[in-house]
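Close look at the chain arrangement
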Amino acid sequence: MKPIFRPLFIIVTTLCLVSFIGCGGDDEEEMKDDSVEFEAVDTTWQVVSINGLAFEQLFKPAEPVEFETDFMLGGNSWTFGTDGSFTGTLKFILTEKYPEPVSSMTQEIDINSAGDYTVEGTTLTITKHDLTIDVDVTLEPKEVWEQQIVGKTVEELEDDLAAETKLGFSPTATTALFREGTEFTWRDEEDTLTLSTLTQTIVLQRAAE
């Protein structure tokens, strides 16, 4: 068996994370309004689209894959604090199902962001950003995988695959999500928060309580 979706998932996910990168600066024709107050604080937001594409669609493979795959976005929450800090959490659960022999590989990927931001008028600037990534891989059924691998245990293979997936996010993706220095133009309309640069438009919606 050859899990081909794993590296593809890394590439697609990295592209998704990179889509958060801003080019810096606003449209020269837009005038800053310092009287506008950023009220989207202490609220949990969820990313719903980037450049008009539904967020979950960014994680779908661009081409058909050989094996059946199940993808679930298990966590998607962002909060901007009144103290100028922000936090974010993304969780992906990906399962590849192999027909011969019948087996599966499940990857759980947790991405946690923490940083600082400033707001001046309608410009939100990311001034600091730290990112941590945790990956857990489960291979089932164990006895089937034991017959396919040589020189290591199933647990060791799971650890190796988890490390490989985590490495796929570095170094590029680890600095891409809300990269320091990125300037967004923000707009808050009822339950929708829009963050945009010259090249990206990120739409977040208020999470249901």
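Residues numbered from 1 in each chain as written. Predicted model: local features only at pLDDT ≥ 70, side-chain atom pairs only at ≥ 80, totals over all residues. Heavy atoms only, no water.

Section: the nonpolar core
Threshold: By convention a nonpolar core is built from buried Ala, Val, Leu, Ile, Met, Phe, Trp, Tyr and Cys residues, the set being connected through side-chain atoms within 4.5 Å. Remark: exposure states derive from per-residue accessible area (1.4 Å probe, protein chains only) relative to the maximum for the residue type, with buried under 20%, exposed over 50%, and partly exposed in between. For helices the rule is a DSSP run of H or I covering at least 4 residues; for strands it is a run of E covering at least 2, with both sets numbered from the N terminus onward. Two residues qualify as a contact provided that any one of their heavy atoms is within 4.5 Å of a heavy atom in the partner residue.
With 39 residues, the main nonpolar core has Phe38, Phe80, Leu124, Leu139, Leu193, Leu195 and Leu204 as its most contacted residues. Considering every element that reaches this core, the biggest residue donor is strand β6 (residues 123–140), with seven residues. What phenylalanine 38 contacts, discounting residues up to four positions off in sequence, is Phe80, Tyr117, Val119, Leu124, Trp186 and Leu193.

Regarding the environment of threonine 118
For threonine 118, the position within the fold is in strand β5 (residues 102–120). Residues threonine 118 and serine 85, spaced 33 residues apart in sequence, show a C-alpha to C-alpha distance of 8.6 Å. Not counting chain neighbours up to four residues away, the residues in contact with threonine 118 comprise Thr123, Leu124, Thr125 and Thr127.

Quick notes on the pattern of salt bridges
Our working rule: One side-chain nitrogen of Lys or Arg within 4 Å of one carboxyl oxygen of Asp or Glu is enough to make a salt bridge.
Tallying each qualifying case throughout the model produces seven salt bridges. Between glutamate 108 and lysine 91 there is a salt bridge, with its nearest N and O atoms 3.8 Å apart. In this pair, glutamate 108 sits in strand β5 while lysine 91 sits in strand β4 (residues 85–99), placing the two residues 17 residues apart along the sequence. Salt-bridge contacts for glutamate 189 lead to arginine 187; the nearest nitrogen and oxygen are separated by 3.2 Å. Among the charged side chains, a salt-bridge network with shared partners connects Glu68, Asp70 and Lys97.

As for the confidence of the model for the protein chain
To keep things clear, this is the line we draw: In predicted models, pLDDT denotes the confidence assigned by the predictor to each residue on a 0 to 100 scale.
Across the protein chain, the average pLDDT comes to 80, with 75% of residues at 70 or higher. Below pLDDT 50 for its whole length, residues 1–32 participates in 86 contacts with residues either more than four positions away or in separate chains. Predicted confidence is poor over residues 171–175, with pLDDT under 50, and the contacts of this stretch with residues over four places away or in other chains come to eight contacts.

What to know about the packing of aromatic side chains
Quick note on the threshold: Aromatic pairs are defined between Phe, Tyr and Trp rings, using the six-membered ring for Trp, whenever the two ring centres lie within 6.5 Å; interplanar angles under 30 degrees are classed as stacked, those over 60 as edge-to-face, and all others as tilted.
Counted by the stated rule, this structure contains eight aromatic pairs. With a centroid separation of 4.9 Å and 80° between ring planes, the pair formed by phenylalanine 38 and tryptophan 186 is classed as edge-to-face. Here phenylalanine 38, found in the loop between α1 (5–18) and β1 (44–50), pairs with tryptophan 186, found in strand β7 (residues 183–189); they are 148 residues apart in sequence, far enough to count as distant. The exposure class of phenylalanine 38 is buried, given its relative accessible area of 10%. What makes tryptophan 186 buried here is its relative accessible area of 6%.

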